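Given next are the chains, with one letter for each unit.
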Amino acid sequence: MAVSVRDAEKVKYREFMERIEAGEKIEADDWMPDDYRQALIKLISMHGISEIMGALPEKEWTPKAPTLYRKLAIMAKVQDEVGHGQLLLRVAEDLIKPYGKTREDLIQDLFAGRLKFHNVFHWKTKSWADAGLIGWLVDGAAIITQTNMLDCSYAPYARALKRIAAEEVFHAQHGEAIAVALATGTEEQKEMLQDALNRWWPALLMFFGPPTAELTGSSKQEITIKYKIRKNTNEELRQFYLTKYVPRIQGLGLTIPDETLRWDDEKKEWIYKQPDWNLFLKITRNEGPMSQERLRLRRLSYENNAWVREALGLNTKIFAS
Amino acid sequence: MKPQYKEEVIELLYQLADDDLLVSYRGSEWLGLVPHIEEDVAYSSITQNTMGHANIYYSLLEELGEGKVDDLAHLRPAGERKNAIILEEKNGPGHWLYGEPRYDWAFTVVRNYFYEAIKKRKIDSLKQSSYEPLRQVAVKIDTEIPYHLMHWRTWFEQLVRAGGEAEERMKAAVARVWEDIGGVLSLGPNEEKIVEAGLIESEAVLKERFLEDINKKFTELGLKMPGEPGMKKGDGRAGFHTEDLEEALAQLSEVYALNPAVPW
């Protein structure tokens, strides 16, 4: 009996692999192997919670944005990010349902450090230029990773990404407009932007994750590629990014803070100074420059509004719908 | 335009613009701190609309030769501001930027609900204003106000009806906001001239309509009407303000004030 169950599972697994290899899409109610579901949960809940936590670095500059126009634009941008978070958490909620879990569990996982948020959102912001740089270059990096998954084998995620990627293009334009205004402004404004780039450059390289699992001890890129969730490796994505953005950054008259950076014509790849992967590891343990402050803010607002959730009857089973 | 008439137009426009700027500034501080994700998206929409309204009023002032929109919004000192004091008050203890903000959602719901209710009555009145540009603006803004009002009214009803701690918090917030909500109704020391110029109806008329709205809602919810709307901390239209306004202006102008002469 046990043998035949295992055989049946094997058949299902083979059929599943045939489907995704033929380019077919998996829906929420379809059968899927457990490690596929696990990989999706990890990826999508992290993506969703990162959109929510990612609102915080820009929130730091929203009330201070220089003009009414910029205040309105950055508010709309942060609102989009929170909206993406909502959309993605819905996708994740469908995946965790068989385990009897809800959004509340994801929030608790975040607080307990079991669910991580993206490494790029653990960094400090220092000036208004950071807000522009995040919109331009961090959202630009997000566009690269997200478009790489537009053809993802899991249909609900692919659909969400399609919407998100379209909005991220506006965000990158919004960020670029801020950067251009600063780059073509006074010496003080130019310095502000250059300083932001100097501080954010290692974070932008780290954005795509380590090139190999050996460097940091773990990487989930192999399984996501095997299951056709994404197409390219971390390093390939970083190379695409450098090809797209190095000329643009230099075009604005900025200096990239890496003297070793160059395009190697023989190897057909960018040579660059590796960021500090030990710092990356610290960030993944929520020990980055702003990890604890941002988690604290999230936790505080959660506790502070407990009475509201209780009044709405949401405390036991928050947004389980 | 007669100089006297222009003066009254300018006076009223500053009141309308500064009210919307301060209430939307306080809204922007709530980003990421509201009770749930869906509310973050909804409240942000309202805040953007409201800041957009401030922008429209400041643009009318710019057309009247008062200066650049962003100078008017960011650089005028507290003493020149015309907003009602209740709108400049902090959202609660702490600071929005990692200063342990323990913001008060009940206060925010009540302040915004009453504010939008009065704004609706003002906008309706402005649709008959003697000043044509204001009439046009009122028609445009009126397309958004009903949604804002519905949003805050729904929160108000839900939290009062929930009973227990929520109801107690809401009652306390009503008592607190009521003490100064009269500042939003106020048309300031020049009320008579503003009304005579046909720019908007009188405070007494606006107040009567607002009380009618609130009375109806309070009766429905079994809440006791708190009496006359107060202006305990003073009339912002006459230049009375609190430290909270100084703090808000310092934050919202921090970057712009580095160099107001250049594009950002």
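Preceding this section is the structure that the text describes.
Residues numbered from 1 in each chain as written. Chains lettered and ligands numbered in written order. Predicted model: local features only at pLDDT ≥ 70, side-chain atom pairs only at ≥ 80, totals over all residues. Heavy atoms only, no water.

A. Focus on the interface of chain A and chain B. Each partner contributes residues to the interface: chain A has 49 residues there, and chain B has 53 residues. Interface of chain A and chain B: buried area, both sides summed, is about 4600 Å²; carbon and sulfur atoms make up 66% of it. Summed over the three residues of chain A that lose the most area to chain B, namely Lys64(A), Leu68(A) and Trp307(A), the buried surface amounts to 17% of that side. Across the contact surface, chain A and chain B share four salt bridges. Along the contact surface separating chain A from chain B lie 20 residue pairs in polar contact (both at pLDDT 80 or more). Broken down by secondary-structure element, the contributors of at least two residues to the side of chain A that touches chain B are α3 (55–59), α4 (68–96), α7 (155–183), α8 (187–206), α13 (291–304) and α14 (306–311) of chain A. In terms of residue count, α4(A) provides more of the side of chain A that touches chain B than any other element does, 13 residues in total. Classifying every residue of the side of chain A that touches chain B gives 26 nonpolar, 10 polar and 13 charged. (Contact = heavy atoms within 4.5 Å. Buried area = accessible area lost by both parts, 1.4 Å probe. Salt bridge = Lys/Arg side-chain N within 4 Å of Asp/Glu carboxyl O. Polar contact = N/O pair within 3.5 Å; in protein donor to acceptor, adjacent residues only side chain to side chain. Helix = DSSP H or I, 4+ residues; strand = E, 2+ residues; numbered from the N terminus. Nonpolar A, V, L, I, M, F, W, Y, C, P; charged D, E, K, R; others polar.)

B. Representation of the pattern of salt bridges. Across all of its chains, the model carries 48 salt bridges over all chains by this definition. Across the pair Arg19(A) and Glu24(A) runs a salt bridge, and its minimum N-O distance is 2.9 Å. Arg19(A) sits in the partly exposed class, given a relative accessible area of 27%. Overall, Glu24(A) belongs to the partly exposed group, its relative accessible area being 40%. Of the charged contacts, one joins Arg176(B) and Glu89(B) as a salt bridge, the two residues approaching to 2.8 Å between their closest N and O atoms. Of this pair, Arg176(B) sits in helix α8 (residues 164–185) while Glu89(B) sits in the loop between α4 (85–88) and α5 (105–126), and the two are 87 residues apart along the sequence. A relative accessible area of 32% means that Arg176(B) is categorised as partly exposed. Overlapping salt bridges bring together Glu58(A), Lys77(A), Glu81(A) and Asp139(A) as one network. (Buried < 20%, exposed > 50% of the residue type's maximum accessible area, 1.4 Å probe, protein only.)

C. Focus on the side chain of His122(A). Take His122(A): it is sitting in the loop between α5 (103–112) and α6 (128–147). When sequence neighbours within four positions are dropped, the list of residues in contact with His122(A) reads Phe117(A), Ile283(A), Asn286(A), Gly288(A), Pro289(A), Met290(A), Ser291(A) and Arg294(A).

D. Layout of the packing of α5(A) against α13(A). Residue and element names in this part refer to chain A. At a closest axis distance of 10 Å, the pairing of α5 and α13 adopts a crossing angle of 135°. On the basis of their axis angle, the class for α5 and α13 is oblique. The chirality of how α5 crosses α13 is left-handed. For the pair α5 and α13, the contacting residues are Glu104, Ile107, Gln108, Leu110 and Phe111 in the first and Leu295, Arg298, Arg299 and Tyr302 in the second. (Axes fitted to C-alpha atoms, helices over the stretch in contact; angles between N-to-C directions. Parallel < 35°, antiparallel > 145°, perpendicular 65-115°, else oblique. Left-handed = near helix turned anticlockwise from the far one by under 90°.)

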